There are 2 protein chains.
Amino acid sequence: MASSVVKRATCSAVAVLRSGASLRSYARVASGTDIIAAAPNVSLQKARSWDDGVSSKFSTTPLKDIFKDKKVVIFGLPGAYTGVCSNKHVPAYKDNIEKFKAKGIDSVVCVSINDPYVMNAWAEKLQAQDAIEFYGDFDGSFHKSLDLVTDLSGALLGTRSQRWSAYVVNGKVKALNVEEAPSDVKVSGADTILEQI
Amino acid sequence: MASSVVKRATCSAVAVLRSGASLRSYARVASGTDIIAAAPNVSLQKARSWDDGVSSKFSTTPLKDIFKDKKVVIFGLPGAYTGVCSNKHVPAYKDNIEKFKAKGIDSVVCVSINDPYVMNAWAEKLQAQDAIEFYGDFDGSFHKSLDLVTDLSGALLGTRSQRWSAYVVNGKVKALNVEEAPSDVKVSGADTILEQI
C-alpha cells in the first residue's frame, strides 16, 4: 500500500507540482511561433563537464545555432534528478531516437532550468548523451521568454520549466505540447510528438 | 602546455569566478554572529532522492535543528559538479572526518545553492554522504541572509554561494573563512578549520 501511494504521488499526482502548474494552463509560445524571434538574444548552455566549461571559456549556444535550417524535436522538464517521471521522460526519447532520425529529425534536444554541469552529469547517468543533445537554461531566460516557467518551490526546486515538447522546423513551432501538471507525461512524451512530425 | 593552462584556469585563476568574487570581499556574517538569528525563518533542504523528497512531503530542516546545542563545521561552495576545486574541497573534509569527530564535532555540513536532489546525486558520486551532511539552499535564502552570495553568471551558474567555512557552536560562529575568489581553496579547507577548533 505504501509503495503504491508513493508511486502514485511520484508519477501522476504530486499535489505540489499540480498546484504549481495551476498557475498557468497555457504558454505564450504556440504552434506557428518563431522560437528564435520569441527569445531574442537568448542562448542556451550545452551540457558539459566543468573542465570543458573552462576550456570552452564558458561559451553559450545562440538559438539560431540550434534551430536554423534544422528539424528539431525539443522537450523541457522541471529538473535534472527529479525522479521517476523525468527518468521515464528522457529514456522514451532516447529509445525512439532511430524513429526520429527516420522521420528526418536533425536533433532531439532536452532542456531544463539547470546549469550545464548538472545537466551533463545527469545525461551521463541516464546514458542518453549520445542520442539527445542536453542544454542548460541556467538563468531560465529561455523558458521565461516562452512563458514556460512555473513556481515549483513547494517541491524544493524554485522557478523551473513546465514539462513540454515541441516540433520545430527552421525555428518555427509546428507542434507544441505542454503538460497541465509538470508531474504528468500525458502529451509531452516521445510517442505523441512522433505522430505529429 | 594546454593541460597546464586548463589546470591553472580550473584550480586557481578562473577569471570569471574571480570577477564574480570581486563584487564582495567580505560577508555580513562574522565571528560572533548567531547564525540562527541572522537567518530567521530560513530552512535548508536535506539532500535526498526525488522519491525520498516525495515521501518526506518535501520537508525542510530549520537551522536550529542543524545548529542548536551542537558543534558544527559547515562549508559552502559555488555548486555541485563544478569541477576539480569543488571535488578537492569536499574530499578533504571527508578524509578528515575522524579528526573532526576526535575534536568533538557533532556534524560536518556541506551546503550549496542547488536543489536537494542534485546535492544528493553529487554526494553519492563523491561517496561522501556517510561522512558529511549535505544540504541544498535551493532558493539561496540561507546564503542571502548571511550575505554570502555572488554572481557567477559568467561561469553559467547564476547566483551562487561564495566558497566559505565556519565553526559554529550552539549557533554562534566561532570562526569564519571566506575565500576572496570562489575558485580558491586557500582558507576554507579542512586543514584550516581543524586548527581553529
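Residues numbered from 1 in each chain as written. Chains lettered and ligands numbered in written order. Predicted model: local features only at pLDDT ≥ 70, side-chain atom pairs only at ≥ 80, totals over all residues. Heavy atoms only, no water.

### Re the sheet that holds strand 3 (residues 71-76) of chain A
Residue and element names in this part refer to chain A. In spatial order, the strands read 2-1-5-4-3-8-9; together these seven strands make up an open sheet with mixed pairing. Bordering the open sheet on either side are strand 2 (61-62) and strand 9 (172-178), each of which pairs with just one other strand. Bridge count for strand 8 (residues 164-169) against strand 9 is six bridges, and the pairing is antiparallel. Residue valine 169 lies in a different strand from strand 9, and its bridge partner there is lysine 172. Most of the contacts of helix 8 (residues 116-125) go to strand 5 (residues 133-136), to which it runs at about 150 degrees, and overall it touches strand 1 (43-46), strand 4 (107-112) and strand 5. (Pairing = 2+ DSSP bridges. Helix = DSSP H or I, 4+ residues; strand = E, 2+ residues; numbered from the N terminus. Contact = heavy atoms within 4.5 Å. Axes fitted to C-alpha atoms, helices over the stretch in contact; angles between N-to-C directions.)

### Re the sheet that holds strand 4 (residues 107-112) of chain B
Backbone-to-backbone hydrogen bonds join strands into a sheet, with any given pair of strands oriented parallel or antiparallel. All names here are of chain B. The seven strands are arranged 2-1-5-4-3-8-9 in an open sheet whose pairing can be described as mixed. Looking at which strands have only one partner, the edges of the open sheet turn out to be strand 2 (61-62) and strand 9 (172-178). When strand 3 (residues 71-76) meets strand 8 (residues 164-169), the two strands line up antiparallel, connected through six bridges. Each bridged residue has a counterpart across the sheet, and for glycine 76 the counterpart in strand 8 is tryptophan 164.

### Examining the confidence of the model for chain A
Keep in mind that low pLDDT regions are not for reading the predicted coordinates in detail. Residues and elements named next belong to chain A. When pLDDT is averaged along chain A, the result is 87; 85% of the residues meet or exceed 70. A low-confidence stretch, residues 1-16 (pLDDT under 50), is modelled with 23 contacts involving residues beyond four sequence positions or located in other chains. This stretch, residues 18-26, has a pLDDT under 50; its non-local contacts, to residues over four places away or in other chains, come to 18 contacts. Interface confidence for the predicted complex, expressed as ipTM, amounts to 0.88; the pTM equals 0.88. (pLDDT = per-residue confidence, 0-100.)

### Observations regarding the side chain of B:Ser165
Residues and elements named next belong to chain B. Its place among the elements puts serine 165 in strand 8. For serine 165, a relative accessible area of 0% puts it in the buried group. Once residues within four sequence positions are removed from consideration, serine 165 is found in contact with Ile74, Phe75, Tyr93, Ala175, Leu176, Asn177, Val187, Ser188 and Ile193. (Buried < 20%, exposed > 50% of the residue type's maximum accessible area, 1.4 Å probe, protein only.)

### Side note on the pairing of strand 8 of chain B
Of all the six residues making up strand 8 of chain B, five are buried; the element is thus mostly covered by neighbouring parts of the structure. With antiparallel pairing between neighbouring strands as the criterion, strand 8 of chain B and strand 9 of chain B make up a hairpin whose turn holds two residues, including B:Asn170 at a positive phi of roughly 50 degrees.

### So, the packing of aromatic side chains
Given two aromatic rings, their pairing is described by the distance between the two centres and the angle made by the two planes. Under the counting rule described, the total for this entry stands at 15 aromatic pairs over all chains. Taken together, a centroid distance of 5.8 Å and an interplanar angle of 5 degrees make the contact between A:Tyr93 and A:Phe100 stacked. Classification of A:Tyr93 as buried rests on a relative accessible area of 0%. Ring pairs connect the aromatic residues A:Tyr81, A:Trp122, A:Phe134, B:Tyr81, B:Trp122 and B:Phe134, which therefore count as one cluster. (Phe/Tyr/Trp six-rings, centres within 6.5 Å; stacked < 30°, edge-to-face > 60°.)

### Focus: the environment of B:Val111
Residues and elements named next belong to chain B. Mapping valine 111 onto the fold places it in strand 4. Overall, the relative accessible area of 0% leaves valine 111 in the buried class. Separated by 54 residues in the primary sequence, valine 111 and serine 165 place their C-alpha atoms 10.0 Å from one another. Excluding anything up to four places from it in sequence, valine 111 contacts Leu44, Ile74, Phe75, Gly76, Leu77, Met119, Tyr135, Asp137, Phe142, His143 and Trp164.

### Structural notes on the pattern of salt bridges
In this structure the tally under the stated criterion is six salt bridges over all chains. Here A:Arg160 ties to B:Asp115 by a salt bridge, and the two come within 2.8 Å at their closest N and O atoms. A residue pair is termed interchain when its members come from two chains, as with A:Arg160 in strand 7 (residues 159-161) and B:Asp115 in the loop between strand 4 and helix 8 (116-125). Taking relative accessible area as the criterion, B:Asp115 reaches 4% and is therefore assigned buried. (Salt bridge = Lys/Arg side-chain N within 4 Å of Asp/Glu carboxyl O.)

### So, the pairing of strand 1 (residues 43-46) of chain B
All names here are of chain B. Looking at chain direction, strand 1 and strand 2 are connected through two bridges and run antiparallel. By the bridge assignment for strand 2, serine 43 is matched with proline 62. As paired elements, strand 1 and strand 5 (residues 133-136) share two bridges and run antiparallel to each other. Of the residues in strand 5, the one forming a bridge with lysine 46 is tyrosine 135.

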